[in-house]
Each structure stands twice: as structure tokens, then as C-alpha cells.
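Descriptive structure summary
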Amino acid sequence: YANSRNMIVVLPEGLHNSFNAKYCCGYALQNGIDDFNFFSLIQSEMSAEFEFVNPNVSYAVGWSNGGYMVTHAATLFRAVSPISGYSYSIDSPMGQ
């Protein structure tokens, strides 16, 4: 189905099962891993490999630390859906 609709799914894994989502979590946060740019690189690589991929219309879903991460990286996506993770206040600047 995905091939016939020009869709791809990317399931990134953070180092030691963690992403540095600015305020959370684990190994990636403690070691200053630049996961925001990791997500940006994934978009660049996918758009270079598949001509139908447009970073301006990509979406992200995250669970737990991934929920924090997709919220932190929200400026890279058309929409994000943190299934579980940090709840930002309405006044909080996301993606900074």
C-alpha cells in the first residue's frame, strides 16, 4: 500500500534508546547528542533518496521519550502527535 501511495515510514532509534529532547531523557541528553539535527538529516536523506518525499509535508509520532522528541522537533514537521511524553504549556516555545 505504501509503495502505491508514495509513502514511507521511518522509525529512528536514539542512542541507548534515548533522544535528547532538550529536557529529557537519558544517555542522549546527558551526552549532548544533537537529535534535532539527526531528525533533520533523516528528512534530507529521505528526500534525496525518494523524489516524492517533501519535508514540508512530513509528520511525526512519538511515544514516551519519542513524544518529547517530536514535540521538541515540531518545527521540522507539518504536524506532530506525541502519544505519550511531556505536555508543554500553551505559553511554552516548542522546538527551541
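Keep in mind that this is a model prediction, so the values were computed, not measured.

With 9 residues, the main nonpolar core is built from Phe19, Ala21, Phe39, Ala60, Met69, Val70, Ala73, Leu76 and Phe77. Not counting residues up to four positions away in its chain, the partners in contact with Val70 are Phe39, Ala60, Val61, Gly62, Val80, Ser81 and Pro82.

Under the criterion given, the structure shown has 1 disulfide. Linked covalently through their sulfurs, Cys24 and Cys25 form a disulfide whose S-S length is 1.2 Å. Judged by relative accessible area, Cys24 falls into the buried class, the value being 6%. With a relative accessible area of 24%, Cys25 lands in the partly exposed category.

Cut-offs and rules
- Residues numbered from 1 in each chain as written.
- Predicted model: local features only at pLDDT ≥ 70, side-chain atom pairs only at ≥ 80, totals over all residues.
- Heavy atoms only, no water.
- Core = buried A, V, L, I, M, F, W, Y, C linked by side-chain atoms within 4.5 Å.
- Buried < 20%, exposed > 50% of the residue type's maximum accessible area, 1.4 Å probe, protein only.
- Contact = heavy atoms within 4.5 Å.
- Disulfide = S-S within 2.5 Å.

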